[in-house]
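Next come the chains, spelled out residue by residue.
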Amino acid sequence: LFRDVNLLLRRSERVALVGANGSGKTTLLKIITGQYAPSKGHVRLGANVHLGYLAQEQEGLDNAATPFDEVCRVAALTETQARTFLHCLLFAGEDAFVPVGSLSYGERARLALGKLVLGGCNLLLLDEPINHLDIPSRESFEQALRSFAGSVLIAVHDRYFISRYASTVWRIDSGTISSIRV
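Everything numeric in this text was worked out from a predicted model, so none of it was measured.

## Topic: the pairing of strand 4 (residues 151-155)
So, step 1. Across the 5 residues of strand 4, 5 count as buried, placing the element largely inside the fold.
So, step 2. A two-sided burial pattern is seen for strand 4, the buried positions comprising Ser151, Leu153 and Ala155 on one face and Val152 and Ile154 on the other.
So, step 3. Here strand 1 (residues 14-18) pairs with strand 4 via 4 bridges, running parallel. The residue of strand 4 that forms the bridge with valine 15 is leucine 153.

Structure, rendered in structure tokens:
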């Protein structure tokens with residue numbers, strides 16, 4: 001899909017990965033995670049990088065579990081700590097005990113992002129996380145993302161989001177990836 005790629009993602013950098021559908025955005029993310037092997041070359045992560053990946057399909061969530069169950073699987077939290085953390089993700093009161101399968105796409109995206117952060121990730125790879133979000137869900141997801149102190153590589157199409165969030169854009173086009181500071 002692409003060749004002669006030599007890119008560097010720095011600490012706390014916010015990179016938007018853009019390109020036409022089918023250009024290789026998801027493939028690049030999966031190569032970085034190690035799910036796919038590159039046909040040539042290699043990917044090197046820093047010594048202290050703890051990578052978290054949020055797939056488009058959000059397959060890391062158990063539909064039968066609750067948000068409370070999901071965060072407690074990631075970290076040893078007291079009930080008060082888990083509920084406080086979930087409240088920050090906008091799961092207030094009994095919302096913490098609704099089955100994940102009943103949550104909206106936006107609620108699932110917030111929960112998945114929260115799990116990655118709670119798990120100690122300092123590099124997030126996010127594959128189209130704001131697609132299908134309504135405006136309130138999108139705003140809360142963006143707020144949670146802005147408060148994240150680590151590095152983020154996010155495959156996204158939304159120009160408005162890119163202009164407000166990204167410090168760098170990686171553009172996949174005609175088999176190459178270019179890096180542009182914004």
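## A look at the pattern of salt bridges
Oppositely charged side chains can pair when the atoms bearing their charge come close.
So, step 1. Evaluation of the coordinates by the stated rule reveals 9 salt bridges.
So, step 2. Put simply, glutamate 79 and arginine 83 hold a salt bridge, and the shortest N to O gap is 3.9 Å. Here glutamate 79 and its partner arginine 83 are both found in helix 3 (residues 79-88), 4 residues apart, which amounts to about one turn of the helix.
So, step 3. For glutamate 79, a relative accessible area of 48% puts it in the partly exposed group.
So, step 4. Judged by its relative accessible area of 27%, arginine 83 is partly exposed.
So, step 5. Among the salt bridges present, the one from glutamate 142 reaches arginine 164, with a minimum N-O distance of 3.4 Å. With a gap of 22 residues between them, glutamate 142 in helix 5 (residues 135-146) and arginine 164 in helix 6 (residues 159-165) connect regions that are remote in the sequence.
So, step 6. Exposure remark for glutamate 142: the relative accessible area of 4% places this residue in the buried category.

## As for the side chain of threonine 66
So, step 1. By the element assignment, threonine 66 lies in the loop between strand 2 (51-54) and helix 2 (67-74).
So, step 2. Among the residues examined, threonine 66 registers a relative accessible area of 10% and is labelled buried.
So, step 3. Setting aside anything within four residues of it in sequence, one finds threonine 66 in contact with Ala96, Phe97, Val98, Pro99 and Val100.

## Quick word on helix 1 (residues 25-33)
So, step 1. The set of residues buried in helix 1 consists of Lys25, Leu28, Leu29, Lys30, Ile31 and Ile32.
So, step 2. Against strand 1, strand 2, strand 3 (123-127), strand 4, strand 5 (168-173) and strand 6 (176-181) lie the buried residues of helix 1.
So, step 3. Directly beyond the C-terminal end of helix 1, a positive phi value near 95° is found at glycine 34.

## Here's the deal with the sheet that holds strand 2
So, step 1. Strand order in the open sheet made by the 6 strands is 2-3-4-1-5-6, with mixed pairing throughout. Of all strands in the sheet, those bounded by a partner on one side alone are strand 2 and strand 6. Averaged over all adjacent pairs, the angle separating strand axes in this sheet is 15°, with direction ignored.
So, step 2. In this sheet, strand 5 lies alongside strand 1 in parallel orientation, the contact comprising 4 bridges. Residue valine 18 lies in a different strand from strand 5, and its bridge partner there is arginine 171.

## Examining the pairing of strand 5
So, step 1. As judged from the 6 bridges shared by strand 5 and strand 6, these two strands associate in the antiparallel manner. Note on strand 6: the bridge partner recorded for valine 169 is isoleucine 180.
So, step 2. Hairpin connection from strand 5 to strand 6: 2 residues lie between these consecutive antiparallel strands, with serine 174 at a positive phi of about 55°.

## Examining the packing of helix 2 against helix 4 (residues 105-118)
When two helices pack together, you describe them by how their axes are tilted relative to each other and by the distance separating the axes.
So, step 1. Relative to each other, helix 2 and helix 4 sit at 20°, their axes nearing to 9 Å. Between helix 2 and helix 4, the angle falls in the class roughly parallel. Read as a crossing pair, helix 2 and helix 4 show a hand that is right-handed. Two secondary-structure elements touch here, helix 2 through Pro67, Glu70, Val71 and Val74 and helix 4 through Leu111, Lys115 and Leu118.

Conventions adopted
Residues numbered from 1 in each chain as written. Predicted model: local features only at pLDDT ≥ 70, side-chain atom pairs only at ≥ 80, totals over all residues. Heavy atoms only, no water. Buried < 20%, exposed > 50% of the residue type's maximum accessible area, 1.4 Å probe, protein only. Helix = DSSP H or I, 4+ residues; strand = E, 2+ residues; numbered from the N terminus. Pairing = 2+ DSSP bridges. Salt bridge = Lys/Arg side-chain N within 4 Å of Asp/Glu carboxyl O. Contact = heavy atoms within 4.5 Å. Axes fitted to C-alpha atoms, helices over the stretch in contact; angles between N-to-C directions. Parallel < 35°, antiparallel > 145°, perpendicular 65-115°, else oblique. Left-handed = near helix turned anticlockwise from the far one by under 90°.

All we've got here are geometric facts, nothing functional implied.
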